There are 2 protein chains.
Amino acid sequence: MMDKKLVETITARDKDFAQWYTDLCIKAELMDYSDAKGFIIYRPYGYAIWENIQKYLDQRFKETGHENVYMPMVISESLFQKEKDHVTGFAPETAFMTTSSGDEGEKLIIRPTSEVLFCQHYSKIVSSYRDLPKKYNQWCSVVRWEKTTRPFLRGKEFLWQEGHTIHRTETEARAETLGMLDIYNNLGKELLAIPFVTGRKTEKEKFAGAVETYAIEALMHDGKALQSGTSHYFGDGFAKAFDIKFQDNDNQVKNVFQTSWGVSTRLIGAVIMVHGDDEGLVLPPYVAPTQIVIIPIQSQRPEVMEASNKMYADLKAAGYRVKLDDSNRTPGWKFAEYEMKGVPVRIEIGPRDLANGQVTITQRHDRSKRTVAIDSVIESMPNVLKAMHDALYEKALAHVTANTFVASTYEDFKVQIEKGGYIKMSVAGEEAELIIKADVQATARVILNEPLITEICPVTGKKATQTILFARAY
Amino acid sequence: MMDKKLVETITARDKDFAQWYTDLCIKAELMDYSDAKGFIIYRPYGYAIWENIQKYLDQRFKETGHENVYMPMVISESLFQKEKDHVTGFAPETAFMTTSSGDEGEKLIIRPTSEVLFCQHYSKIVSSYRDLPKKYNQWCSVVRWEKTTRPFLRGKEFLWQEGHTIHRTETEARAETLGMLDIYNNLGKELLAIPFVTGRKTEKEKFAGAVETYAIEALMHDGKALQSGTSHYFGDGFAKAFDIKFQDNDNQVKNVFQTSWGVSTRLIGAVIMVHGDDEGLVLPPYVAPTQIVIIPIQSQRPEVMEASNKMYADLKAAGYRVKLDDSNRTPGWKFAEYEMKGVPVRIEIGPRDLANGQVTITQRHDRSKRTVAIDSVIESMPNVLKAMHDALYEKALAHVTANTFVASTYEDFKVQIEKGGYIKMSVAGEEAELIIKADVQATARVILNEPLITEICPVTGKKATQTILFARAY
């Protein structure tokens, strides 16, 4: 009989990027669609990427004094409506929890985000400066009733972490906002091999209820940007709406200053679209669920299986995420399968190489192949993985550099935006953003800390005030 | 000014156990109530207990070949209704997800458990014996519309893990059911210091849709039992309802055999009610969020803070979960606070002891106090914690032994049940269970693998068939 899953091909990336992405999500077994429209199943291979992201972040959150909590998944309607900007921003996307008996009392909103739950709780548990700061985080799923959905990028339910902190002073809260942005940026550098651009969002693009929103933005292979995480400074707006007060050591009663910050399973989408190629996924080694796959060639020969088992045991003992595929499928099938799944390192162990004390190593990211002494594999592995990670990061950075443009006229901007990529332009503010969005569907990604390119905004003819990074975005 | 939270006393355990429990949940800062009735907030100290349970179990799940996934939180109504026993069991407690626009299409049930989602997915991804087994687990929250709720024990939303596996043979599926029960039992022995009784549930008490349900049961301090986890063998019932088929290596198309198993944040309730005392929580050392607290005495003296900081750094470097409380509260306040929170080891570092090269160690579980050489603390800590864990386990086991009775008449049973504890009795089956439940609100906890106590069922006068462990239960 045939296997259900044959080696399947995916749409070429440059032919139809959207279809390539969907093909890959399904065929690399990252996710599947569920019966409920807009809700996805996170399959083991996709979920394991998320677990590696969680492990990295959770450790850094705890090292920097954050504690995990779990808030209810529902918010009473009266609580939700306390902060006006926030309600306006989220109300259109909310879903509700109801029962057949109708005994749920006040209308219950299923959390689209949990600011108001944290605010309510903080107002109960904080009274003195000695209770501050409170730095809480939660890992959960949230629900937003999106009209169009795409795997990992936009769904009715997604997994994320949301940090919510309160502080004694504005200075401390602002430092927290930027500190968490920095942790997200390092996640890109150290784990995902993604060079994020970081910066503040414009007034138009900031979070509902925030004073300032900062973001990490990534550039996908197709030239579109993906907002990959945000960190907000709230000032004391929520604190006033929710009456979160404390008595300071000068005996004055004051409102706290607040932040929130989050990243989601959207990061899985970023990894796919930054690194993937026509053969399938390319996973950076530190985030890959399987870092090394061992494939025995002529596995009926005892010396081959013996060496394969030993290699597996040694790599596992050394702390690597390793898989030995000794199934009765052909080597060719296995090569294609693990290329599709983006496993960074493939080790083939066959009788001819073994006779010379060697194995063959193939690197997924550049598809290079070499024979190496079997005794050197373990010792060299840290360098092999490090070099792969660095190469992927550099390649992604080169893509950003090659696709970042400067526009000093709106005509230039409009020509360039059709080619994809980031465009820097100095504009006059929200009026220019609205015109650009209406004309070419591009949006302000972040405000850059860079000198003005032109004195006059090419879009409005008014005095330019900020240099902004624009792109079309997911 | 005063601290918001003074040292508070809790209701005595033997005066009003229910009130003692609630007091402790709130005052040890394990949880708080939310605006939405029946939904609780897991505060950092409570959630950290859950994280330690998760860490223990997740490692064992993965070692035994299980993979984590995440299924949607909603189930379409038609999918939910495919397995009849299952629907009947859960339908009364279900909640729904709706939107203002009503565009959610088919009615969406918020998962009370996810059997049907796993079944549907498995039916899509499995076709050959080579695809088997599939051993998936997920960590999530579920919703059940309970009428009366209690912190951790019964809530409208609770956190849990649910494992769902499919196998080629009945033998393999049965082994999985019992293997996972064993992991849960070891969780009690190795982490929670709780001696579970394990066994099969009666037909009346088994899970909706299961062929057999096995459980871990724990005896609380007040003599009531708490079902603390379950492992189900489903046979091929769900597989037939959901059409989960595979072609075996004999070319026959067959249905898979299936299991599911889960434990929840109810285990936090078990830890509280098995080990706690009138001073507050008593946490077994391996599950305690903070294992050791260091309290400097006369912290204004430089040598005290220097020794305290060194002790903290050394214990942390040795891998312990340690806290140094150098706040400006009094030592007396701190002693009461960490007793309430059940921190296993308290180390006081004061100038007099220090002058003799000593510190004072107080053990929470027996409140014993001794001075020890400061240089011996790190070295002795593994044995100190091990001895505490063992002592707590033995104490809990002695409580079970002292409160397990054998009834050979129904009169004996009825007298004994008022005193609390487990009662063994040999009965004729469901008829006896119904009478007992109606008479004294006790239920069959598990069927015991023990010889019959009496030939005749004392309740019905019919021939006894099984020896059952009864108790009143949460």
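For every chain, the first residue of the written sequence is number 1, and numbering continues from 1 along that sequence. By the order in which they are written, chains take letters starting at A while ligands take numbers starting at 1. Local features in this predicted model are restricted to residues of pLDDT 70 or higher, and side-chain atom pairs are both shown and tallied only at a pLDDT of 80 or more, whereas totals for entire chains, interfaces and linings draw on every residue. Excluded from the side-chain calculations are hydrogens and water; all other atoms, namely the structure's heavy atoms, are used.

- Per an unreviewed UniProt entry, chain A is named Proline--tRNA ligase, and its organism is Paracholeplasma manati.
- The record in UniProt for chain A states the following under Sequence similarities (unreviewed entry): "Belongs to the class-II aminoacyl-tRNA synthetase family. ProS type 3 subfamily." UniProt positions are given in the numbering used here, feature names are shortened, and annotations may be inferred rather than shown by experiment.

So, the interface of chain B and chain A
Right, so step 1: A contact between two residues is defined here by any heavy atoms of the two lying within 4.5 Å. Of the residues lining the interface, 60 residues belong to chain B; the matching set on chain A comes to 60 residues.
Right, so step 2: Here the quantity called buried area is the total loss of accessible area, with a 1.4 Å probe, experienced by two parts when brought into contact, counted for both. Taking both sides of the interface into account, the surface hidden between chain B and chain A amounts to around 5300 Å²; carbon and sulfur atoms contribute 54%.
Right, so step 3: Salt-bridge detection follows one rule: a side-chain nitrogen of Lys or Arg within 4 Å of a carboxyl oxygen of Asp or Glu. Taken together, chain B and chain A are joined by 4 salt bridges.
Right, so step 4: Polar contacts, as counted here, are pairs of nitrogen or oxygen atoms within 3.5 Å of one another; within protein the pair requires one atom able to donate a hydrogen and one able to accept it, and residues that are adjacent in sequence qualify only if both atoms are side-chain atoms. Summed over the shared surface of chain B and chain A, the result is 24 residue pairs in polar contact (both at pLDDT 80 or more).

Description of the packing of helix 13 (residues 410–417) of chain B against helix 14 (residues 430–440) of chain B
Residues and elements named next belong to chain B.
Right, so step 1: In this analysis an axis means a line fitted to C-alpha atoms, helices contributing only their contacting stretch, and an angle means the value between N-to-C directions, from 0 to 180 degrees. Strands are runs of DSSP state E lasting at least two residues, helices are runs of H or I lasting at least four, and both sets are numbered from the N terminus onward. Viewed as axis vectors pointing N to C, helix 13 and helix 14 meet at an angle of 45°, and their least axial separation amounts to 11 Å. Considering the angle they form, helix 13 stands oblique to helix 14. In this structure, helix 13 crosses over helix 14, and the sense of that crossing is right-handed. Between helix 13, through Tyr410, Phe413, Lys414 and Ile417, and helix 14, the contact on the second element is made entirely by Ile435, Ile436, Asp439 and Val440. Working definition: roughly parallel below 35 degrees, roughly antiparallel above 145 degrees, roughly perpendicular at 65 to 115 degrees, and oblique for all remaining angles. The sense of a crossing depends on the near helix, which, turned anticlockwise from the far helix by less than a right angle, makes the crossing left-handed and, turned clockwise, makes it right-handed.

A closer look at the domain arrangement of chain A
Right, so step 1: What fixes the domain bounds is an automatic or database domain assignment. Taken domain by domain, chain A consists of domain 1 (17–275), domain 2 (292–386) and domain 3 (404–471).
Right, so step 2: Computed over C-alpha atoms only, the centres of domain 2 of chain A and domain 3 of chain A are separated by 49 Å.

Observations regarding the side chain of Arg364(A)
Residue and element names in this part refer to chain A.
Right, so step 1: Position of arginine 364 among the secondary structure elements: in the loop between strand 18 (358–363) and strand 19 (369–373).
Right, so step 2: One polar contact links arginine 364 to aspartate 277, side chain to side chain, over a distance of 2.7 Å.
Right, so step 3: If we ignore the near neighbours within four places in the chain, the residues touching arginine 364 are Asp277, Glu279, Gly280, Leu281, Val282, Glu339, Gly342, Val343, Pro344 and Met388.

Details of the environment of Ser368(A)
All names here are of chain A.
Right, so step 1: With respect to the helices, strands and loops of the structure, serine 368 is situated in the loop between strand 18 and strand 19.
Right, so step 2: In the structure, serine 368 is positioned 150 residues away from alanine 218 in sequence and 27 Å away in space, judged by C-alpha atoms.
Right, so step 3: When sequence neighbours within four positions are dropped, the list of residues in contact with serine 368 reads Ile361, Thr362 and Gln363.
Right, so step 4: Within the structure, serine 368 has its side chain in polar contact with the side chain of aspartate 366 (distance 2.9 Å).

Observations concerning the pairing of strand 15 (residues 292–296) of chain A
Residue and element names in this part refer to chain A.
Right, so step 1: Burial classes: relative accessible area under 20% of the type maximum marks a residue as buried, over 50% as exposed, and values in between as partly exposed (1.4 Å probe, protein chains only). Judged by how many residues are buried, strand 15 sits mostly within the fold: 5 of 5 residues are covered.
Right, so step 2: For two strands to be treated as a pair, DSSP must find at least two bridges joining them. In this structure, strand 15 lies alongside strand 16 (residues 322–324), joined through 3 bridges in parallel fashion. Residue isoleucine 294 lies in a different strand from strand 16, and its bridge partner there is leucine 324.
Right, so step 3: Seen with its strands pointing away from the viewer, a crossover is right-handed if its path from the first strand over the helix to the second goes clockwise. With helix 9 (residues 302–317) bridging strand 15 and the parallel strand 16, this β-α-β connection has right-handed handedness.
Right, so step 4: Across 5 bridges, the pairing between strand 15 and strand 17 (residues 345–349) is parallel. Bridge pairing in strand 17 places proline 296 opposite isoleucine 349.

Some words on the packing of aromatic side chains
Right, so step 1: The pairing test for Phe, Tyr and Trp rings, Trp by its six-membered ring, is centres within 6.5 Å, and the orientation test on the planes gives stacked under 30 degrees, edge-to-face over 60, and tilted for anything in between. Scanning the entire structure with this criterion turns up 32 aromatic pairs over all chains.
Right, so step 2: Each ring, one from Trp50(B) and one from Trp139(B), has its centre 5.8 Å from the other, and the planes form 75°; the classification is edge-to-face. Of the two residues, Trp50(B) sits in helix 2 (residues 44–63) while Trp139(B) sits in strand 7 (residues 134–143), which places them 89 residues apart along the sequence. Judged on exposure class, the residue Trp50(B) and its partner Trp139(B) are both buried.
Right, so step 3: For the pair Phe413(B) and Phe470(B), a centre-to-centre distance of 5.4 Å together with 90° between the ring planes defines the contact as edge-to-face. Taken together, the residues span a long stretch of sequence, with Phe413(B) in helix 13 and Phe470(B) in strand 23 (residues 466–471) at a distance of 57 residues. Each member of the pair, Phe413(B) together with Phe470(B), is buried.
Right, so step 4: Grouped by ring-pair contacts, the aromatic residues Phe90(A), Phe207(A), Phe234(A), Phe238(A) and Phe242(A) constitute a single cluster.
Right, so step 5: Two limits define a charge over a ring: the Lys NZ or Arg CZ must be within 6 Å of the ring centre, and within 35 degrees of the ring normal. Positioned above the aromatic ring of Phe96(A), the side-chain terminus of Lys107(A) is 4.2 Å from the ring centre.

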